[in-house]
Structure formats: C-alpha cells, structure tokens
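Chain and residue survey
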Amino acid sequence: MKKVFALIAALVVATLAFAGCGGSQSSSSSSAAQSSGAKTLKVGATSVPHAEILEAAKPLLEKEGITLDIVEFNDYVQPNLALNDKELDANYFQHEPYLKNFMDEHKDVKLVNAGGVHIEPMGIYSKKVKDLKDLKDGATISIPNDPTNGGRALLLLQKAGLLKLKDGVNEKATLQDIAENTKNFKFQEVEAAQVPRTLDDVDAAVINSNFAMQIQLDPTKDALFIEDSTSPYVNIVAVRAGDENRPEIQALIKVLHSQEIKDFINNKYKGAVVPAF
C-alpha cells in the first residue's frame, strides 16, 4: 500500500511539474505577442457605409500589426458616449457639425476630429440647364425644408456662386440669411426626400446623394455642382481629445486615406459615397 501511495504521489508531482511548464509556455507566448507590437483598436460605427468601409480597412491594418475590432451601433448617441467613457478607441459615423452640436448638448463629452474620410454629397441638379451660369434671372431652385439640409443647401448654393449669405452664417442658415441674390432666384422649400420629384418643374434642385441615386442620378456625373472634401459634412473619425496623435489612430487614418479604400468606396457606392481625401 505504501508503494501505491508513493507511486500516486510521484505521478501528482510529475503532473504538476508538467502543468507548470505548460503555464510558463503560455505566459511566454503571451509575452511574445505583446513584444511583437500587436495591438487592438476598437472602433464604433454605424453599419452603412461606415462599418463596411472599416471591414475593408481590416486587412490593411493587420499589416501594420493592428487588429481592428468593429463595434456596430444603430443610433447616433451611444457611439459618442461609449467613446467618451473609454469603451472605444474611436468612432466613425458622424460629420463635424453633428459632433459639435452633440458636445454642446453633452458638456462632459470631449471629442475631436482625427480625420475626414468620406462625404455623402449634396449636389445641384437641373434638367433645364447644363451649366449653372445659364440659370435665368428669376429661376426657381428647390431645396430641402428641414433646418439641417436646408442650411447645407444654402451653403452649397453660396459656394457655387449663386447667392451670398450674411457674414458668419453657418450650416444653420435659412432663407432669411441670404444677403445677396443678384439674379433674383426664387426658392421652393420641399421635404428632402421629395426634392428630386421637383426637377421637372423647377430650374434647379439641391438634392442629397441618397435621394439622387433613387432616381438614377449619379452624383459624380450628373450634378452640376457638388460638395467636395472641404464640406463641413465630411464623415470623420472621432477620438477623445489628446488621442488624435496615438500611433494606432494615425495608422487607422493612414489606411482610411489609402488608394485601396478610395477604390473600395468608389466601386461599391458608385458616387453615393465619395472619398474626401
């Protein structure tokens, strides 16, 4: 019996010793992974097109030693709160005017723009003229009637040289903020989704790209004037203030500004989403 107990004891010691070696190997493996510089970047995004664009960026980031963890959201509030609470490293779903307004309403949130990626452009379209300079005196232009898109449309018309707004007016501009209208254009305010239907009746219309696409208009080809990369409505990668220079964030922006991502956006969205870099 003593021999049996001695044998069992020996087996236990051997097993523990083996397990100890195994634990040491796992720890060594973990340390090797850490020393290799492999990092995980957790980015919040809404599904289309943001999460899709990030999925395309995944393999490119892996080459930089960064694993991209995409967390999808279906609202516009939680991604900023989660980022501010350090549950995310970045988010990608909004443009800067929205972010600024969000921070005005949530004073404890301190986020910044780390880099613009794309716009879902608003454009000026017409079935009556092929060049905006050919619009006649008194021509009618339809624009969206909601505050966000209406102000955005007026800024675009100003950039196109068709009118001038009062100094200091931003994306909250209204028709009352028009300072100069030398060709006496008339403006027809319509629900954004209905603006494309006015094209047959007006001289020009300012249309969001998603609605333009619904009537088979290609924003990159059919718009007489379109938002570009200087638009304040460029969709951005947001990070906590102070994190914009983190190497991982810089790597993410570099990848999102790559030719591969530009080609992905152009090929997949056919002008409904346009690279802003």
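Computed from a predicted model, the values in this text were never measured in an experiment.

Each value, and the rule that gives it
- Residues numbered from 1 in each chain as written.
- Predicted model: local features only at pLDDT ≥ 70, side-chain atom pairs only at ≥ 80, totals over all residues.
- Heavy atoms only, no water.
- Salt bridge = Lys/Arg side-chain N within 4 Å of Asp/Glu carboxyl O.
- Helix = DSSP H or I, 4+ residues; strand = E, 2+ residues; numbered from the N terminus.
- Buried < 20%, exposed > 50% of the residue type's maximum accessible area, 1.4 Å probe, protein only.
- Core = buried A, V, L, I, M, F, W, Y, C linked by side-chain atoms within 4.5 Å.
- Contact = heavy atoms within 4.5 Å.
- Pairing = 2+ DSSP bridges.
- Axes fitted to C-alpha atoms, helices over the stretch in contact; angles between N-to-C directions.
- Parallel < 35°, antiparallel > 145°, perpendicular 65-115°, else oblique.
- Left-handed = near helix turned anticlockwise from the far one by under 90°.
- pLDDT = per-residue confidence, 0-100.
- Arc of directions from axis to C-beta.
- Nonpolar A, V, L, I, M, F, W, Y, C, P; charged D, E, K, R; others polar.
- Phe/Tyr/Trp six-rings, centres within 6.5 Å; stacked < 30°, edge-to-face > 60°.
- Lys NZ or Arg CZ within 6 Å of the ring centre and 35° of its normal.

**What about the pattern of salt bridges?**
- Scanning the model with the defined rule gives nine salt bridges in all.
- Between Lys159 and Asp228 there is a salt bridge; the shortest N-O distance is 3.2 Å. Linking Lys159 in helix H5 (residues 147-159) with Asp228 in the loop between strand E11 (225-226) and strand E12 (235-240), this pair joins segments that are 69 residues apart in sequence.
- Classification of Lys159 as partly exposed rests on a relative accessible area of 47%.
- Look at the salt bridges and you will find they share partners, linking Lys39, Asp89, Arg240, Asp243, Arg246 and Glu248 into a network.

**A look at the nonpolar core**
- Val43, Leu54, Val237, Leu252 and Leu256 are the most contacted members of the largest nonpolar core, which has 28 residues in total.
- Every element with two or more residues in this core is listed here: strand E1 (39-46), helix H2 (47-62), strand E2 (66-73), strand E3 (90-95), strand E4 (111-119), E12, helix H8 (247-256) and helix H9 (259-269).
- Leaving out residues up to four positions away in the same chain, Leu252 has contacts with Leu41, Val43, Leu54, Leu61 and Val237.
- Counting 22 residues, the second largest nonpolar core, distinct from the first, contains Ala139, Ile178, Phe185 and Val206.

**Remarks on the sheet that holds strand E13 (residues 274-275)**
- Sheet architecture is open: six strands sit in the order E2-E1-E3-E12-E4-E13, paired in mixed fashion. The open sheet has two edge strands with one neighbour each: E2 and E13.
- Sitting on the sheet, H2 is in contact with E1, E2, E3, E4 and E12, with an inclination near 170° to E2.

**Description of the packing of H2 against H9**
- Their axes nearest at 10 Å, the elements H2 and H9 cross at an angle of 140°. Comparing their axes, H9 and H2 come out oblique. Helix-helix and strand crossings are classified by hand; for H2 and H9 the assignment is right-handed. Of the residues in H9, those touching H2 at Pro49, Glu52, Ile53, Ala56, Ala57 and Leu60 are Glu260, Ile261, Phe264, Ile265, Lys268 and Tyr269.

**A short note on helix H4 (residues 96-105)**
- Burial in H4 covers these residues: Pro97, Leu99 and Phe102.
- Looking at the buried residues of H4, the elements they touch are helix H3 (78-84), E3, E4 and E12.

**So, the confidence of the model for the chain**
- Per-residue pLDDT for the chain has a mean of 86; in total, 87% of the residues score no lower than 70.
- For the stretch residues 1-36, pLDDT sits under 50, and the model shows one contact to residues farther than four places along the chain or on other chains.

**Regarding H9**
- Those residues of H9 that sit buried are Ile261, Ile265 and Tyr269. Down the axis of H9, the smallest arc covering the buried residues is 40°, so these residues share one side.
- Taken together, the buried residues of H9 touch H2, E4, helix H6 (209-214), H8 and E13.
- One or two steps after H9, the chain reaches Lys270, where phi turns positive at roughly 50°.

**Here we look at the sheet that holds strand E9 (residues 186-190)**
- Across the sheet, which stays open at both edges, the five strands sit in the order E9-E6-E10-E5-E11 with mixed pairing between neighbours. The open sheet has two edge strands, E9 and E11, and neither has a second partner.
- When strand E6 (residues 140-144) meets strand E10 (residues 204-208), the two strands line up parallel, connected through two bridges. Its bridge partner being in E10, Ile141 is matched across the sheet by Ala204.

**Quick notes on the pairing of E4**
- Pairing of E4 with E12 involves six bridges; the strand directions are antiparallel. Bridge pairing links Asn113 to Ala238 in E12.
- In the sheet, E4 pairs with E13 via two bridges, with the strands oriented antiparallel. Paired with Ile119 across the bridge in E13 is Val274.

**Some words on the packing of H2 against H8**
- The contact between H2 and H8 brings their axes to 10 Å, and the two run at 115°. In terms of orientation, H2 and H8 fall into the roughly perpendicular class. Of the two possible hands of crossing, H2 and H8 adopt the one that is right-handed. Together, Ile53, Leu54, Ala57, Leu60 and Leu61 of H2 and Ala251, Leu252, Val255 and Leu256 of H8 make up the contact between the two elements.
- Considering only residue class, the contact of H2 with H8 consists of nine nonpolar, no polar and no charged.

**Side note on the packing of aromatic side chains**
- Applying the stated criterion across every chain, the model contains five aromatic pairs.
- Summarising the aromatic geometry, the rings of Tyr98 and Phe102 are spaced 6.2 Å apart at their centres and angled 35° between planes, so their arrangement reads as tilted. Here Tyr98 pairs with Phe102, and both are found in helix H4, just four residues apart, close to one helical turn.
- Between Phe264 and Tyr269, the aromatic rings sit 6.2 Å apart at their centres with planes inclined by 85°, giving edge-to-face as the arrangement.
- By relative accessible area, which is 25% here, Phe264 ends up partly exposed.
- Residue classification places Tyr269 among the buried residues on the basis of a relative accessible area of 10%.
- Of the aromatic side chains, those joined through ring pairs into one cluster are Tyr76, Phe93, Tyr98 and Phe102.
- The ring of Tyr233 carries the charged tip of Arg152 above its face, separated from the ring centre by 4.4 Å.

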